[in-house]
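The residues making up each chain are set out below.
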Amino acid sequence: MKPLEGKTAFVTGAAQGNGFGISKVLMEKGACVIMTDKSGIVKESEKKLEEMTGQRGSISYIMDVTQADSVEEVVKDAESRVGSIDILVNNAGISLLTEIKDMDDGLWDLHFDVNVNGARNCVKAILPGMMERRYGRIITISSVTGPRVCDPANIAYATTKAALLGFSKAIAIDTAEYNITSNAILPGYFLTPMVELTAEETDPEDPQRVLDEIVETVPVGRFGKPEEIGYLAAFLASDEAAYITGSEFVIDGGSTLPETISVGR
């Protein structure tokens, strides 16, 4: 029997990158996966996922995590189609570089709306059902950026990712008596569209140079693969991790180990 067989997972930002990798592994481990994303390509991603895994058992929704009413509607519709939601993976997020002197209120608010309020909207919609059934697994994707390290021009992203750690721990303490766990994953550099965008913003003329230099600073000598976050998420979502809550897990290929250079240059 697969460890997540009979469970249903709700993944945000699932159309590509880490969200897609997480969805793929959860499905391989037996879960029915509800893939959500603001981008319409999530529908194509759903088909791609079934082709890659050779399994059926996923459904997809175009959903903006910043819109609480929309999140509520999607959750209700999904529950009517596949039943209760056992696992929530708060993965949706944005990272737009800006120097602190140039940061305006709009950019700051956008990061909080997506990264923090988006996670809150999903928890608010899904948690009551988990509490009623006295079972749930909540996994929030934070980052090493903010809680552990920080590159230049990352103030909005770093602040929100640090905030997600407190958010995850608060959920853990408030829901422990309901057999619900809440944990955070802190990825380092994974080769995703977000990282590629960061490279383009850093050096529009030669983004590959930025990517190459990042890899040089990672002790294992490569970017992480989105599926590798998926394996960690699948473990935390399983009953094998039932005694783990309020914890944070760094997955960065050792990039935060060096004292002189942590992540990037």
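From a predicted model like this one, the values you see are computed outputs, not experimental measurements. (Residues numbered from 1 in each chain as written. Predicted model: local features only at pLDDT ≥ 70, side-chain atom pairs only at ≥ 80, totals over all residues. Heavy atoms only, no water.)

> For this particular structure, what's the right way to read the sheet that holds strand S3 (residues 58-62)?
Hydrogen bonds between backbone groups are what pair the strands of a sheet, and the pairing can be parallel or antiparallel. Here we have seven strands laid out as an open sheet, ordered S3-S2-S1-S4-S5-S6-S7, and parallel in their pairing. At either end of the open sheet lies a strand with only one pairing partner, and these are S3 and strand S7 (248-251). Between one strand and the next, the sheet's axes are offset by a mean angle of 15°, whatever the strand orientation. Lying on the sheet, helix H2 (residues 42-53) is in contact with strand S2 (32-37) and S3; it crosses S3 at an angle near 165°. (Pairing = 2+ DSSP bridges. Helix = DSSP H or I, 4+ residues; strand = E, 2+ residues; numbered from the N terminus. Axes fitted to C-alpha atoms, helices over the stretch in contact; angles between N-to-C directions. Contact = heavy atoms within 4.5 Å.)

> What's the story with the side chain of threonine 98 in this structure? I'm lost.
The topology assignment puts threonine 98 in the loop between strand S4 (87-90) and helix H4 (105-133). Non-local contacts of threonine 98, meaning those with residues more than four positions away in its chain, are made with Met103, Leu107, Ala153, Asn154 and Ile155.

> Is there a simple way to explain the pairing of S3 in this structure?
For a regular strand, side chains alternate in direction, first toward one face of the sheet and then toward the other. Within S3, four of the five residues are buried, leaving the element largely enclosed by the surrounding structure. Note: S2 against S3, five bridges, orientation parallel. Residue pairing in the sheet places aspartate 37 in a bridge with isoleucine 62 of S3. Regarding topology, H2 serves as the crossover connection from S2 to the parallel S3, and that connection is right-handed. (Buried < 20%, exposed > 50% of the residue type's maximum accessible area, 1.4 Å probe, protein only. Right-handed = clockwise from strand over helix to strand, strands pointing away.)

> Whenever I open this one, the nonpolar core confuses me. Can you help?
A general trend in soluble globular proteins is that nonpolar side chains are found buried together. Among the nonpolar cores identified, the biggest contains 29 residues, and Leu26, Val89, Ile139 and Ile185 are the most heavily contacted of them. Only strand S1 (8-11), helix H1 (17-28), S2, H2, S4, strand S5 (136-141) and helix H8 (226-237) provide two or more residues apiece to this core. Formed by 26 residues, the second largest nonpolar core is a distinct cluster that contains Met63, Ala119, Cys122 and Val123. (Core = buried A, V, L, I, M, F, W, Y, C linked by side-chain atoms within 4.5 Å.)

> Which parts of the structure should I look at to understand the packing of aromatic side chains?
A ring pair, where both rings are aromatic, is described by two values, the distance of the centres and the angle of the planes. Using the criterion set out here, one finds two aromatic pairs in the structure. The interplanar angle of 80° and the centroid separation of 6.4 Å between the aromatic rings of tyrosine 189 and phenylalanine 223 together place this pair among those described as edge-to-face. Here tyrosine 189 is found in the loop between strand S6 (180-187) and helix H6 (193-202), whereas its partner phenylalanine 223 is found in the loop between helix H7 (207-217) and H8, with 34 residues between them in sequence. The pair formed by tyrosine 189 and phenylalanine 223 is uniform in burial state, with each residue classed as buried. Lying over the aromatic face of phenylalanine 20, lysine 48 brings its terminal NZ or CZ to 5.3 Å of the ring centre. (Phe/Tyr/Trp six-rings, centres within 6.5 Å; stacked < 30°, edge-to-face > 60°. Lys NZ or Arg CZ within 6 Å of the ring centre and 35° of its normal.)

> Whenever I open this one, the side chain of aspartate 203 confuses me. Can you help?
Positionally, aspartate 203 belongs in the loop between H6 and H7. Polar side-chain contacts of aspartate 203 include one of 2.9 Å to the side chain of arginine 209. (Polar contact = N/O pair within 3.5 Å; in protein donor to acceptor, adjacent residues only side chain to side chain.)

> What is the right way to read the environment of glycine 40 from this model?
Residue placement: glycine 40 occurs in the loop between S2 and H2. Overall, glycine 40 belongs to the partly exposed group, its relative accessible area being 39%. Here the alpha-carbon distance between glycine 40 and methionine 63, two residues 23 residues apart in the chain, equals 8.9 Å.

> Is there a simple way to think about the environment of alanine 162 in this case?
Looking at where alanine 162 falls in the secondary structure, it is placed in helix H5 (residues 155-175). The class of alanine 162 is partly exposed, set by a relative accessible area of 35%. Expressed as a C-alpha distance, the spacing of alanine 162 and serine 143, which sit 19 residues apart in the sequence, is 7.8 Å. Setting aside residues up to four positions removed in sequence, alanine 162 forms contacts with Gly146 and Pro147.

> Is there a simple way to explain H1 in this structure?
Across its 12 residues, H1 extends 17 Å between first and last C-alpha, which sits within 8% of the 16 Å expected from 1.5 Å per residue. With 11 of 12 residues buried, H1 is to be regarded as a mostly interior element. In the stretch just after H1, glycine 30 is the one whose phi turns positive, near 110°. (Expected span 1.5 Å × (residues − 1).)

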